[in-house]
Amino acid sequence: MTNNQADTLERIERFGISRTAWRLSVMAAFAMLAFLGAFLSLTKGSADISLAQIINILSNPTLEPQSQIIWNIRMPRTIVGALVGVNLAIAGAVLQAVMRNPLADPHIIGISSGAGLAGVTIMILFPTLEYLITPAAFIGAMLAAVCIYILAWKNGIKPVRIILAGVAVSAFLSAGISGLMIFYSDRVHGALMWMVGGLAARSWPHVSIILPYAIAGVLLAFIGAAYLNILQLGDEMARGLGVNVEVTRIAMTAVAALLAASAVSVVGLLGFVGLIVPHAARLIIGSDYRYLMPASGLLGIAVVTLSDTFARVVFAPVELPVGIIMAFIGAPFFLFLLRREI
Amino acid sequence: MSILQANEITIRIIDKTIIHGLSLSVPEGKVTSIIGPNGCGKSTTLKALARIWPCYKGNVTFNGEDIKKFSHREFAQKLAILTQAPQSPADLTVKDLAEMGCFPHRNWFGRKSMEDDAHVEWALGQTNMLGMQHRLLSTLSGGERQRAWIAMALAQRPQVLLLDEPTTYLDICHQLEVMQLLEKLNRELQLTVVMVIHDINHAVQYSDHIAVIKEGYLVTEGKPQEIVTAQLLKDVFKVEADEFICSNGMPALLPVDLVK
């Protein structure tokens with residue numbers, strides 16, 4: 001957090017807009033962006049379909065090609081994209097508070113790699129057990145999180161040690177993924193697409209995989225918001241205010257792992273959403289988690305659906321995995337944050 | 001009558017014993033100061049009283065009950081602590097901070113209640129921060145920020161307030177402001193105050209009870225005028241000090257040389 005940001009917020013007060021009004025307008029703007037993202041994702045593509053047609057198709061589905069495109073291709077893909085955006089953004093927001101580190105996100109600290117290694121192992125070694133990818137990814141993510149905790153534990157938890165342990169665990173697990181892919185190079189095609197993270201050919205079964213985890217995870221994250229606010233005062237003050245710091249940390253990390261793992265198991269290793277979205281939201285709406293959490297979720301929907309539409313449309317008929325677009329936007333933003341905050 | 005009591009507590013951090021079988025009693029409704037040289041274990045003792053550090057041996061009791069028996073929330077409703085130079089997000093306002101003090105009184109969902117607003121306003125009034133409630137914490141002076149944190153602690157509605165070096169980094173005017181605020185809260189609200197403090201003269205002027213710690217052992221505890229003497233400073237801090245009597249009749253000590 002920088003003084004810049006504090007100044008911005010104080011200046012906003014001076015313009016005569018109350019802070020609550022500002023936060024609600026930002027939230028409304030993010031919601032509109034999310035709708036815009038979903039709308040473009042439904043209308044744009046190899047066949048452009050107008051809004052009027054979509055409304056018509058949604059109210060009475062037919063067997064015509066356009067109806068089929070909307071119902072079986074675009075709609076589920078948009079929903080998966082939106083849910084993945086919500087999950088990764090909220091997982092990142094939660095981790096940034098739990099680790100008290102602005103650079104924490106599921107990707108960087110190794111939770112995604114844990115999910116990834118478990119997923120790739122199943123895809124390559126046990127392709128017949130594909131239905132086990134989500135639970136396996138969750139277990140992988142939790143194991144990675146537990147590993148990071150054990151490695152970082154030394155008479156209490158220090159945010160910096162968690163990040164360093166996370167980076168090490170992440171490197172270790174990524175090496176495992178690469179090793180598997182080299183040994184079984186004849187089977188890697190599916191896994192390769194998965195490594196980059198993409199929404200291609202995601203459909204209704206994927207929606208049903210991610211939806212229950214998304215609902216449960218988001219609800220738990222919202223309940224945790226008040227606790228995360230207190231954690232920002234430091235461990236000792238949080239304890240003084242009656243928060244069981246260790247239990248809160250572990251529970252909220254598990255929530256983040258659940259959200260990240262369900263996203264990873266559906267779209268693969270989609271990086272940077274969990275990092276940039278909560279950050280961008282925080283710069284605009286402030287660090288009160290009761291507002292930051294829903295704002296991150298909405299912005300996550302907007303960023304993933306817009307990036308995916310961009311990835312589909314710009315190089316058509318070639319479709320880029322959305323992960324590549326995210327990395328192209330995310331990496332410069334990450335560097336911007338580094339220069340601004342550290 | 002002591003409200004908070006440490007009974008032969010031993011505290012170990014990693015493999016190092018910081019506090020050795022220390023007993024200490026905090027009289028109810030009084031101001032108690034803990035003094036001692038750097039690294040003697042004052043802050044650790046304070047944090048043991050606040051249940052932030054666990055006791056390796058011995059226990060701490062609150063009104064005769066082992067503090068481990070309370071839930072985190074119950075304990076936070078009875079006792080508030082302000083650690084040294086606590087962190088806060090840059091966009092936190094004074095009022096936001098004071099509202100966090102209501103946290104232990106909320107349900108598990110953390111919903112704000114109507115009474116919270118009244119308590120927050122009262123806490124801000126007590127610390128004279130009502131006029132600054134919408135200011136950002138990061139734009140306040142050191143003294144104002146300390147008052148904002150005290151407002152948060154008051155919103156917890158505790159019976160005991162622990163403070164770790166509340167006047168460090170403040171200029172002499174703001175130091176007195178904070179000390180007089182604590183004195184007022186103690187008198188008007190019968191709030192029991194325990195503070196770790198470096199300024200011996202502030203400790204003497206503003207406390208009813210003083211505990212002296214050296215190298216993890218309790219040296220002595222008692223009334224300030226009786227125990228804080230030039231001899232004590234020589235024994236504990238290794239300094240030669242001159243004794244004076246202030247215009248308000250209280251003793252004061254001025255260190256003039258190191259003990260050779």
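Named according to an unreviewed UniProt entry, chain A is Putative iron(3+)-hydroxamate import system permease protein FhuB originating from Phascolarctobacterium faecium.

This part covers the overall build of chain B. In terms of helices and strands, chain B carries 9 helices and 12 strands. Along the first, second and third principal axes, the C-alpha set of chain B runs to 60 × 40 × 35 Å. Out of the 260 residues in chain B, the part that is buried amounts to 45%. For chain B, contacts bridging at least 24 residues in sequence account for 66% of all contacts bridging at least 6.

The next point concerns the overall build of chain A. Per the secondary structure count, chain A includes 14 helices and 0 strands. Scanning chain A from its N terminus toward the C terminus, one meets helices and strands in the order α-α-α-α-α-α-α-α-α-α-α-α-α-α. Radius of gyration (C-alpha) of chain A: 20 Å, near the 20 Å computed for a compact globule of 342 residues. Across the 342 residues that make up chain A, the buried fraction comes to 50%.

What follows covers the sheet that holds strand S2 (residues 16–27) of chain B. All names here are of chain B. In space, the 4 strands of this open sheet follow the order S2-S1-S4-S5, with antiparallel pairing throughout. Each edge of the sheet is formed by a strand with only one pairing partner; in this case those strands are S2 and strand S5 (65–66). As paired strands, strand S1 (residues 2–13) and strand S4 (residues 57–62) are joined by 5 bridges and run antiparallel to one another. Each residue of the ladder has a partner; that of Thr10, found in S4, is Lys57.

Now for the nonpolar core. Val94 and Ala260 of chain A together with Ala151 of chain B are the most contacted members of the largest nonpolar core, which has 185 residues in total. Broken down by element, this core gets its largest block of residues, 17 residues, from helix H4 (residues 65–98) of chain A. Not counting the four nearest positions on each side in its chain, Val94 of chain A is found in contact with Ala221, Gly224, Leu228, Met252, Val255 and Ala256 of chain A.

As a further point, take the sheet that holds strand S8 (residues 192–196) of chain B. Residues and elements named next belong to chain B. A sheet is described by the order of its strands in space; here 6 strands give the open sequence S6-S7-S8-S3-S9-S10, paired in mixed fashion. Strand pairing shows two members of the sheet lacking a second neighbour, strand S6 (79–82) and strand S10 (217–222), which therefore form its edges. On average, each strand axis in the sheet is tilted by 15° relative to the strand beside it, whichever way the strands run. Both strand S7 (residues 160–164) and S8 contribute to a ladder of 5 bridges, which runs parallel. Bridged to Val160 within S8 is Thr192. Sheet strands in contact with helix H1 (residues 42–49) are strand S3 (31–35), S7, S8 and strand S9 (209–214), and its direction is about 150° off that of S8.

All names here are of chain B. Of note in this structure, Ala85 is not a glycine but carries a positive phi near 40°. Within the secondary structure, Ala85 sits in the loop between S6 and helix H3 (94–100). On the basis of neighbour counts, which here come to 14 C-beta atoms within 10 Å, the residue Ala85 falls in the partly exposed class. Despite not being glycine, Arg157 has its phi angle at roughly 50°, a positive value. With respect to the helices, strands and loops of the structure, Arg157 is situated in the loop between helix H5 (142–155) and S7.

For Ser33 of chain B, the position within the fold is in strand S3. Not counting residues up to four positions away in its chain, the partners in contact with Ser33 of chain B are Met195, Ile197, Ala203, Ser207 and Ile210 of chain B.

Here we take up the UniProt feature "transmembrane region" (unreviewed entry) in chain A. Feature annotation in UniProt assigns "transmembrane region" (unreviewed entry) to the following positions: residues 21–42, 79–99, 108–126, 132–151, 163–182, 211–230, 250–277 and 313–338 of chain A. Within residues 250–277 of chain A, the helical portion is 82% and the strand portion 0%, while the C-alpha atoms at the span's ends are 23 Å from each other.

Let us look at the packing of helix H6 (residues 133–152) of chain A against helix H11 (residues 245–267) of chain A. Residue and element names in this part refer to chain A. In the contact formed by H6 and H11, the axes pass within 8 Å of each other and the chain directions differ by 140°. By the angle between their directions, the pair H6 and H11 is classed as oblique. The hand of the H6/H11 crossing is right-handed. Facing Ile133, Thr134, Ala137, Phe138, Ala141, Met142 and Ala145 of H6, the residues of H11 in contact are Thr253, Ala254, Ala257, Leu258, Ala260, Ala261, Ser262, Val264 and Ser265. By residue class, the composition of the contact of H6 with H11 is 12 nonpolar, 4 polar and no charged.

Regions with low pLDDT carry predicted coordinates that are not meant to be interpreted in detail. Mean pLDDT over chain B works out to 91, with 98% of the residues at or above the 70 mark. We note a pTM of 0.88 for the whole complex and an ipTM of 0.90 for its interfaces.

Quick look at helix H7 (residues 159–183) of chain A now. All names here are of chain A. With 25 residues, H7 ought to run about 36 Å at 1.5 Å a step, and its terminal C-alpha atoms sit 36 Å apart, in line with that. Turning to H7, its buried residues are Ile162, Ile163, Gly166, Val169, Ser170, Leu173 and Ile177. The elements touched by buried residues of H7 are helix H5 (111–125) and H6.

Scoring rules and cut-offs
- Residues numbered from 1 in each chain as written.
- Chains lettered and ligands numbered in written order.
- Predicted model: local features only at pLDDT ≥ 70, side-chain atom pairs only at ≥ 80, totals over all residues.
- Helix = DSSP H or I, 4+ residues; strand = E, 2+ residues; numbered from the N terminus.
- Buried ≥ 20, exposed ≤ 12 C-beta atoms within 10 Å, placed from the backbone.
- Contact = placed C-beta atoms within 7 Å.
- Rg over C-alpha atoms; globule rule 2.2 N^0.38 Å.
- Pairing = 2+ DSSP bridges.
- Core = buried A, V, L, I, M, F, W, Y, C linked by C-beta atoms within 7 Å.
- Axes fitted to C-alpha atoms, helices over the stretch in contact; angles between N-to-C directions.
- UniProt positions renumbered as here; feature names shortened; annotations may be inferred.
- Parallel < 35°, antiparallel > 145°, perpendicular 65-115°, else oblique.
- Left-handed = near helix turned anticlockwise from the far one by under 90°.
- Nonpolar A, V, L, I, M, F, W, Y, C, P; charged D, E, K, R; others polar.
- pLDDT = per-residue confidence, 0-100.
- Expected span 1.5 Å × (residues − 1).

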